[in-house]
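Commentary on secondary and tertiary structure
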Amino acid sequence: MLLSYLRERLRLTGTKYGCGGGGCGACTVMVSRYQPGTKTILHYSANACLLPVCQLQGAAVTTVEGIGNTKTRVHPVQERIAKAHGSQCGFCTPGMVMSMYTLLRNKPQPNMEDITVALGGNLCRCTGYRPIVDGCKTFSPESNCCQANGNGAGCCLNGDFEMCFVGTHDIDCVFQEPPPQLFDQEDLLPLDPTQDLIFPPELIMEPQVSQLFRGERMVWVSPVSLEELIQLKTSHPQAPLVMGNTNIGPDIKFKGAWHPIIISPTRVQELFEVTKTPQGVCFGAGCSLSVVKALLEGLVQEIPEEKTEIYRSLLQQLGNLGGQQIRNVASIGGNIVSAYPNSDLNPVFAAGNCTLNVVSKRGRREILLNKDFFVGFGKTSLKPDEIVLSVFIPVSRQGEFMRAFRQAPRKENALATVTTGMRVMFIEGSSVVKELSIYYGGVGPCTVSATKTCAAVIGRKWDEQTLSDAYTQLLDEISLSPSHPGGQVEFRRSLTLSLLFKFNLQMLHKLWEMVWTGSLFAPIDSLLGKLEIWNFYLLISAIRPLPKQLQPSLQEFQAVVKGQSGDDPVGRPIMHRSAISQATGEAVYCDDIPKMDGELHLVLVTSTRPHAKILDIDISEALRVPGVVDVITSKDIPGKKFRTFTGIDEDILAQNEVSCVGHMVCAVVADNRKQAKRGAALVKIAYEDQPGPVFTVEEAIEKQSFFLPQRMIERGNVDEAFDKVDHIYEGEIRLGGQEHFYMETQSMVVVPSGEERELKVYISCQHPTYAQTLGIPSNRVSCHVKRVGGAFGGKVTKTSIIACITSVAAWKTGRAVRCVLERGEDMLITGARHPVLGKHKVGFMNDGRIIAADLHYYANSGNTADESLLVIEKILLHLDNAYKVPNLRGRSVACKTNLPSNTAFRGFGVPQSMLVTENMINDVAMKLGCNAEEIREINMYKEVSLTHYKFEFDPKNLLRCWDECKEKSDYGSRRKSVAQFNQQNRWKKRGMATIPIKFDIFSVRVSVRQAASLVHIYKDGSVLVSHGGTEMGQGIHTKMQQVASRELHIPASLIHITETNTSAVPNTCPSAASFGTDANGMAVKDACEILYQRLEPVRKQNPEGTWQTWVTSAFIQRISLSATGYYRGHDLYMDWEKQEGQPYAYFTYGACCSEVEVDCLTGDYRTVRTDIVMDIGRSINPSVDIGQIEGAFIQGLGLYTMEELKFSPSGVLYTRGPSQYKIPAVCDIPLQFNVYLLSGSDNPHAIYSSKGIGEPVLFLGSSVFFAIKDAVAAARVEAGMVGPFTLNSPATPERTCLACNTPFTQKIPASKQGSFQPWALSIP
Ligand SMILES: Cc1cc2nc3c(=O)[nH]c(=O)nc-3n(C[C@H](O)[C@H](O)[C@H](O)COP(=O)(O)OP(=O)(O)OC[C@H]3O[C@@H](n4cnc5c(N)ncnc54)[C@H](O)[C@@H]3O)c2cc1C
Ligand code: FES
Ligand code: FES
């Protein structure tokens, strides 16, 4: 594939590997091709991981390196994404840059929709997308008032006085100082097309000749004429025709498909011809979906609307199908022939009477795309030697209407759960159905037809009774087994009905329009049956799309104090110091390190059994694979064969037993990854399965399978208090796990120096010290972390174990060994956030006061303890969140199961803990029939108080955040609007939630709170700073540069922050728990203060001197210009016996208000607006901190509403890549996303009065969860249901829709529990 060719052969490492399957966009490049027909150059973005190099004959490929660099000139796209703070860890940035760059090549002045469409196929796990969009938006001429922090042209905040409108909200215009901005738009390079590389002229002239490439195991043939193609397909009927390679490619990569011959007809002109006739349009089967989309968009403008029903339905689907990069290469023919069960286009083609023109040696034929064409999973009725030449899409006829709908786990770039095309034709002048065709995807092995349902409707009037009969018939006709692959059986079945209902309403609307325009002579009431017209308007909400237009957002922060030196960068929104090199692709990540001489690659072999004894490991066949050098097993580990976390040993490689699918058993090392993979597949492990593996917490409770100790904490007397309350309510909530999905997978290179057992470990991790292993003294192992492409807690313990294995391999072979996990391996092996079952019993009074609460937390730890015992402690320490419940008890337990071991994840148990608490508050509110915000306010800490572990704190700033959040979000009046909206809309409901947070900073583990630094001043005045923190995108190096700049009184440009290196700063502590800056900042400050002091004599000698002269004098006077700095950390403790302590240094506070709109028929939702107010003390760098806030919020939104890990009944993780596991994309960000940093807040406990911010805001993503729950509650009222109900997290469309309890979900008969095996486990 092009990706490995670029990275390994050409050493162009700016293009990144994120998933290898087209799902993340990290590998985006621009492909340019000459179009002989139009004599133009077509530029399109594509995923290099799916682009076969052989297919690029005649194409020019532009990578991120080709558009700009720091040595010559940075391209404006690179510059603007960087300056707008759109690059944190930077791993996604080159892909983002290339998507945007390609857009600009095609449209130099894009609108907002163009931008979000272009970025739709690119994932970012750090930023929350807003700053990336803001950077890209600077190319758009669409000037909104208050755009980019009030910097839009003509904006009132720029000093103009016209009233400006942001959405529907007026902003009062008053004379005031312009607020500080995150970046300055005046300062940006203009877009200069002359900077673009020209298309190589020789490619225009290139002769078109057939080509054949012969590989080790495969032959690639690329014909240029149709005759040749027919000939080839006749000779090799089983050979696939590779067009976009978006189906064949993933099949080869992930499913092990192998084709000895591949035919690539991308240069056969006939496959790209487009013919327009009055009857319809005929697309060559090779046309990409983007070309089809663009041409259809043109046609719907050109021809009368009534003829474009099928075209518009296709456009409806094409707008959401895959990402831009996929649509740019995937062909229309490939999409049809792939015959995906959930293809979006096939139901429309089939319902729309489209036809295929097919050619083979026997001649041409026309095939109607209907139920007889799709014969099974990935199978059609095409003969093996037949080639699809073109696809004919007819114009719609008079009286014919068509619609398409889809519901997917994510709004965009996700295969649909259910997708459909529906077409009806009425007898002229009436509402009697002449033809009806309904096809679904996602409810069977292939595209299926609802033939019987259609037959039941044809010949009848389109009215309420007819449709009611249709639902009954449909329910019978489209039925799924309760164990159906993919699960979500009830949801899918309900979607078939509710999507038909949407179609029904659309048609009623259409018929109604026809009545008004006189083309239909029927009384309206005959159409609507018993429905009142007013009711019909309420129902119309079913067909109105959810809002999707992004609104300008605000980021408000405090300016630095007047008089602060211009050279002092502290408190200013300084760009991430590597942002530009990240955007140009020059930033070096672990796998970008050039291959060493003799380097080997390591691939892990993992268990396929959930719990079994290992009887034998047979490595003989693996060793016979050419290139395989060794297989490392536990026996090869020279020292301790385990690592110890929180006092519990964990095997590095399984010794006698495996305890989960994915348990690491051994590792194959070979000359390259391909050979190592082949070897790994040939390792034979004989197992003896152990009975009764444990997967869920219920099973763990039943078998008492726990990691000990369990924890308990109590304030007051809970049992007694329950006797004195007005109400008692018991409820529970389940919270699923969360995959870290750092964009850079686990990566490391271990290099033995060959002498005195020295090892150099280059690694992407949060805790460099851990990587030093194996009985070799630490003074021989230097660990280097330049930067980490995202970590979020997932690169501490698990990375250390993989580093141990890689080090053993390097030590044993004496050669450098590289281990870079593929996305699927990474997701399988490295664990996730702990899923939790939370139960609560709450006692409260009629006025809303909560008097007693008893909470139980069961965390699914997986097969090893890892840090689970710390997680369950943190859960208990946070269960009060912002509330003073006088009698409060919490118990938590880490359940030992046979799933991959779970580990630290941003928030470390707090997001699970507080969700249970807030759910309890929500239940109290629902019981009392009031808004949850009222209950929150009644029970919030109000004055200096003791927490449940007897730690005194002042909640003043918590209350300030809460009040400001309500004020800034206009909570009161929007609550009323939400209620009004819900009255007026039957099928769309809005919901709101405001959530507070009190989050501790620092960790109770005393030893990991210290930090050290090393600062050198060189004779030329430049300064080098090393510290123990790792740069993972959180901007720690940028902040350290700011600290050193302030302390040494020199410009930041003189300071360089080197990689984290254990030879420079030993005994580093993990960069985690939001205290990286607090601890390392103090250590850097300490070293700089020492040095500044040392320079005092020379400054005194020459007060008029400069930094340079002082440094020179100091050197001459033999003053040491190098110093270490140290920070001991706070003396914190927690005594679990006494249930009291001071486990934290201080709290970060905040509040967040979110509003959502939910489509009750599909469970789809959109976050309409989010306002966050955070108290982070005095921000050292507001752009970095706001970036952390936005990024954490979106990650929380993913946790609570989208991200779902699914396991098979035998404990195999299904969700092993972006195709199955959906993290938020640009389509998921709140339409309006305002962040305010609380002003005037001080914090004596951390550097420069700042506060840690990496983790806290993640929990505030739950405001979207509770807003959805609020909307669902409104929907349930329509079904006559009031009072508390359970909505588990994540609130996926499936859970949301089923909780809404619509007439359609009610129709689905529930399968009898125990009578079938569900497709997936119910975790936790
Ligand atoms: C990340 C990702 C997201 C996706 N999202 C969606 C989505 O949301 N909705 C959706 O519907 N699809 C989605 N897809 C599927 C995608 O649309 C199809 O894979 C694509 O359309 C197939 O076209 P291709 O040109 O890439 O086919 P290829 O992979 O090149 O070929 C696929 C098959 O079609 C056959 N074939 C190709 N052309 C011809 C021809 N002319 N005659 C006969 N046989 C032919 C080949 O032999 C092969 O068997 C997604 C795919 C990916 C990778
Ligand atoms: S690496 Fe290519 S799309 Fe993810
Ligand atoms: S900056 Fe986007 S993934 Fe890290």
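Residues numbered from 1 in each chain as written. Chains lettered and ligands numbered in written order. Predicted model: local features only at pLDDT ≥ 70, side-chain atom pairs only at ≥ 80, totals over all residues. Heavy atoms only, no water.

Per an unreviewed UniProt entry, the chain goes by Aldehyde oxidase 6 and derives from Oncorhynchus mykiss. Taken verbatim from the UniProt record of the chain, the Sequence similarities (unreviewed entry) comment is "Belongs to the xanthine dehydrogenase family." (UniProt positions renumbered as here; feature names shortened; annotations may be inferred.)

**Overview of the overall build of the chain**
The helix and strand inventory of the chain stands at 39 helices and 50 strands. Here the chain holds 1324 residues, and the buried ones make up 64% of them. At a minimum sequence separation of 6, the contacts of the chain that also span at least 24 residues come to 77%. Accessible surface, the chain: about 47,300 Å² in total, of which carbon and sulfur atoms supply 52%. Charge centroids of the chain, computed over 132 positive and 134 negative side chains, lie 4 Å from each other. (Helix = DSSP H or I, 4+ residues; strand = E, 2+ residues; numbered from the N terminus. Buried < 20%, exposed > 50% of the residue type's maximum accessible area, 1.4 Å probe, protein only. Contact = heavy atoms within 4.5 Å. Areas by Shrake-Rupley, 256 points an atom, 1.4 Å probe, with all protein chains shown as cover. Lys, Arg positive; Asp, Glu negative; His and termini not counted. Charge placed at Lys NZ, Arg CZ, Asp CG, Glu CD.)

**Regarding the sheet that holds strand E7 (residues 219–222)**
Taken in spatial order, the three strands make up an open sheet running E6-E7-E8, and their pairing is mixed. Single-partner strands in this sheet number two, and they are strand E6 (211–214) and strand E8 (261–263). Direction aside, the axes of adjacent strands within the sheet are offset by 15° on average. Summarising the sheet, E7 and E8 pair through three bridges and their orientation is parallel. Residue Trp-220 lies in a different strand from E8, and its bridge partner there is Ile-262. (Pairing = 2+ DSSP bridges. Axes fitted to C-alpha atoms, helices over the stretch in contact; angles between N-to-C directions.)

**As for the pattern of salt bridges**
Considering all chains together, one arrives at 78 salt bridges under this definition. For Glu-1204, the salt bridge goes to Lys-1206, with nearest N and O atoms at 3.6 Å. By relative accessible area, which is 18% here, Glu-1204 ends up buried. Residue class for Lys-1206 comes out buried when judged on its relative accessible area of 16%. (Salt bridge = Lys/Arg side-chain N within 4 Å of Asp/Glu carboxyl O.)

**Topic: the sheet that holds strand E50 (residues 1232–1237)**
Spatially, the five strands line up as an open sheet ordered E20-E50-E49-E48-E40, and their pairing is mixed. Because the sheet does not close on itself, it has two edges, and the strands there are strand E20 (555–556) and strand E40 (988–1001). As judged from the 10 bridges shared by strand E48 (residues 1146–1159) and strand E49 (residues 1165–1175), these two strands associate in the antiparallel manner. Considered in E49, the bridge of Glu-1155 is made with Arg-1169. Along the sheet face, helix H30 (residues 956–968) touches E20, E40, E48, E49 and E50 and points at about 25° away from the line of E48.

**Here we look at helix H29 (residues 932–939)**
All buried positions along H29 are accounted for by Ala-932, Glu-933, Ile-935, Arg-936 and Asn-939. Here the buried residues of H29 occupy an arc of 160° about the axis, which is enough to place them on one side. The inward-facing, buried residues of H29 abut strand E36 (850–862), helix H28 (910–928), H30, helix H31 (971–984), E40 and helix H37 (1262–1278). (Arc of directions from axis to C-beta.)

**Section: the packing of helix H32 (residues 1036–1048) against helix H33 (residues 1076–1094)**
Two packed helices can be described by the angle between their axes and the distance between those axes. At a closest axis distance of 9 Å, the pairing of H32 and H33 adopts a crossing angle of 30°. If you check the angle between H32 and H33, you find them roughly parallel. H33 is crossed by H32, and the crossing has right-handed handedness. Counting all contacts with H32, which are made through Ile-1036, Lys-1039, Met-1040, Val-1043, Ala-1044, Glu-1047 and Leu-1048, the residues of H33 involved are Gly-1076, Thr-1077, Asn-1080, Gly-1081, Val-1084, Lys-1085, Cys-1088, Glu-1089, Leu-1091 and Tyr-1092. (Parallel < 35°, antiparallel > 145°, perpendicular 65-115°, else oblique. Left-handed = near helix turned anticlockwise from the far one by under 90°.)

**Here we look at the pairing of strand E33 (residues 781–785)**
The buried fraction of E33 is high, at five of five residues. In this sheet, strand E44 (residues 1060–1061) lies alongside E33 in antiparallel orientation, the contact comprising two bridges. When the bridges of E44 are listed, Val-785 appears paired with Thr-1060.

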